[in-house]
Amino acid sequence: GDSVTQMEGPVTLSEEAFLTINCTYTATGYPSLFWYVQYPGEGLQLLLKATKADDKGSNKGFEATYRKETTSFHLEKGSVQVSDSAVYFCALSVTYGQNFVFGPGTRLSVLP
Amino acid sequence: EAQVTQNPRYLITVTGKKLTVTCSQNMNHEYMSWYRQDPGLGLRQIYYSMNVEVTDKGDVPEGYKVSRKEKRNFPLILESPSPNQTSLYFCASSLHGAGTEAFFGQGTRLTVV
């Protein structure tokens, strides 16, 4: 079945460090790929998305490129801030029925 | 404001006492779903609905019921809650299915003692 694998963390970085969170997927069709972010005590919010191969999603300084050849959608940010501390979920959507499949989430802590 | 509203946010109940968690969206979305979030397991889908009166099981449906009588509402029903249903629950909606953004509620933290 469809699945998403991502590094679970926790990841701890100093402010202004470079961030990479790896995400790979397995899907039978042609999925859309998403990164969601969950701040403490809140629901999930869409961070960025890409709907086809080679698309780059970007938002708030975060970027991810849909790589069909490596079935990956790694999240990057050049300079993290304390306010980026959250849990990040990689997800795919391919079948109309079950909609989203989420990875386990990666907790990011950014220290001042 | 576009939103998904869940109630209650926090609930403590006893084993076997029926409860309902409500979910409502104001975006006229066709697709709605329920997830539970547990440490180390991420989000797992409980049930989903592709439209009014159309519901189907997700990955972990045992012990739960849902209904979709109106497009905007998708309540989650626990007929006889057990301690292993202690979890953080999220409702989500999206315009259609695959490829469209999902909007999430704030979550309901349920404790069954």
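These numbers come from a predicted model, not from an experiment. (Residues numbered from 1 in each chain as written. Chains lettered and ligands numbered in written order. Predicted model: local features only at pLDDT ≥ 70, side-chain atom pairs only at ≥ 80, totals over all residues. Heavy atoms only, no water.)

Across its full length, chain B carries zero helices and eleven strands. Scaling as 2.2 N^0.38, a compact globule of 113 residues should have a C-alpha radius of gyration of about 13 Å, and chain B matches this with 13 Å. Taken along the three principal axes of its C-alpha coordinates, chain B extends 35 × 30 × 25 Å. For chain B, with 113 residues in total, the buried portion stands at 50%. Within chain B, residue pairs in contact and separated by at least 24 positions form 53% of the contacts whose partners lie at least 6 positions apart. (Helix = DSSP H or I, 4+ residues; strand = E, 2+ residues; numbered from the N terminus. Rg over C-alpha atoms; globule rule 2.2 N^0.38 Å. Buried < 20%, exposed > 50% of the residue type's maximum accessible area, 1.4 Å probe, protein only. Contact = heavy atoms within 4.5 Å.)

Here we take up the interface of chain B and chain A. In this complex, chain B contributes 26 residues to the contact, which on the side of chain A involves 22 residues. The interface formed by chain B and chain A contains zero salt bridges. For the pair chain B and chain A, the interface holds three residue pairs in polar contact (both at pLDDT 80 or more). Where the side of chain B that touches chain A is concerned, the elements lending two or more residues are β4 (31-38), β5 (42-51) and β9 (87-94) of chain B. The greatest single-element share of the side of chain B that touches chain A, amounting to five residues, is contributed by β5 of chain B. (Salt bridge = Lys/Arg side-chain N within 4 Å of Asp/Glu carboxyl O. Polar contact = N/O pair within 3.5 Å; in protein donor to acceptor, adjacent residues only side chain to side chain.)

Attention shifts here to the layout of surface pockets. The computed volume of the largest pocket comes to approximately 640 Å³. Lining the largest pocket are 32 residues, and of these Gln38 and Arg107 of chain A together with Gln37, Leu88 and Arg109 of chain B lie nearest its centre. Counting only elements with at least two residues in the lining of the largest pocket, the list comes to β10 (86-93) and β12 (106-111) of chain A together with β4, β9 and β11 (108-112) of chain B. At four residues, the largest contribution of residues to the lining of the largest pocket is made by β11 of chain B. Considered class by class, the residues forming the lining of the largest pocket number 13 nonpolar, 13 polar and six charged. Within this model, the second largest pocket holds a volume of roughly 280 Å³. Along the walls of the second largest pocket sit 15 residues, with Leu44 and Gln45 of chain A together with Phe103, Phe104 and Gln106 of chain B positioned nearest its centre. Looking at the lining of the second largest pocket, the elements that each hand over two or more residues are β6 (44-50) of chain A together with β10 (103-104) of chain B. (1 Å grid on protein atoms, 1.4 Å probe; cavity = no way out; pocket = protein on both sides within 12 Å on 5 of 7 lines; lining within 4 Å. Points joined across faces, edges and corners; volume = space filled by probe spheres on them. Nonpolar A, V, L, I, M, F, W, Y, C, P; charged D, E, K, R; others polar.)

As a further point, take the state of the cysteines. For the structure on display, the rule yields two disulfides over all chains. With its sulfur 1.9 Å from that of its partner, Cys23 of chain A forms a disulfide with Cys90 of chain A. Taking the torsion about the sulfur-sulfur bond, which here is approximately -70°, the covalent link between Cys23 of chain A and Cys90 of chain A counts as left-handed. Pair noted here: Cys23 of chain A is in strand β4 (residues 23-26) and Cys90 of chain A is in strand β10, with a separation of 67 residues, a long-range link. For the pair shown, Cys23 of chain A and Cys90 of chain A are each scored as buried. A sulfur-sulfur separation of 1.9 Å characterises the disulfide bridge that pairs Cys23 of chain B with Cys91 of chain B. (Disulfide = S-S within 2.5 Å.)

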